[in-house]
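# Fold and contact review
If you want the building blocks of each chain, they are given just below.
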Amino acid sequence: MQYLGWIVKFLIFVLLFGFAMHNAVPVDLHFFLGYVWNAPLAMILLVFFVLGVVFGLLASFSQVFRLRRELVKLRKENKQLAPIAAPLTDSPLIQPKDAI
């Protein structure tokens, strides 16, 4: 099964590499204020894909930090409540009367 994954990854790489080679013609990308960037189309696509990934990760950082703070708070609460819940776990489990 692992070989199948490597074969699929290799085929995707070959497909994307072929796409990049067929789109190696320089393209002019016009920005505001007269700025022009002349580069191969595949490189421009790669740069903007990487920028999209970076902006996506930056957008998710606030939620990650908020969830980490909440996790630390819940772990502190759990440590404080652990001595209170310990006597309840010492009692044996009793099967309910309506169990089959």
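Residues numbered from 1 in each chain as written. Predicted model: local features only at pLDDT ≥ 70, side-chain atom pairs only at ≥ 80, totals over all residues. Heavy atoms only, no water.

Along its length, the protein chain carries two helices and two strands. The dimensions of the protein chain, computed from C-alpha atoms along their principal axes, are 75 × 45 × 25 Å. The buried share of the protein chain, taken over its 100 residues, is 4%. For the protein chain, the share of sequence-separated contacts (at least 6 apart) that also reach a separation of at least 24 residues comes to 3%. Looking at the protein chain as shown, the accessible area adds up to about 9800 Å², and 73% of this sits on carbon and sulfur atoms. On the protein chain, the mean spot of the 9 positive side-chain charges and the mean spot of the 5 negative ones are 6 Å from each other. (Helix = DSSP H or I, 4+ residues; strand = E, 2+ residues; numbered from the N terminus. Buried < 20%, exposed > 50% of the residue type's maximum accessible area, 1.4 Å probe, protein only. Contact = heavy atoms within 4.5 Å. Areas by Shrake-Rupley, 256 points an atom, 1.4 Å probe, with all protein chains shown as cover. Lys, Arg positive; Asp, Glu negative; His and termini not counted. Charge placed at Lys NZ, Arg CZ, Asp CG, Glu CD.)

Now for the pairing of strand 2 (residues 36–40). The pairing of strand 1 (residues 26–30) with strand 2 spans five bridges and is classified as antiparallel. Across the sheet, His 30 pairs through a bridge with Val 36, a residue of strand 2. The turn linking strand 1 back onto strand 2 is made up of five residues, and Leu 33 within it adopts a positive phi angle of 60°. (Pairing = 2+ DSSP bridges.)

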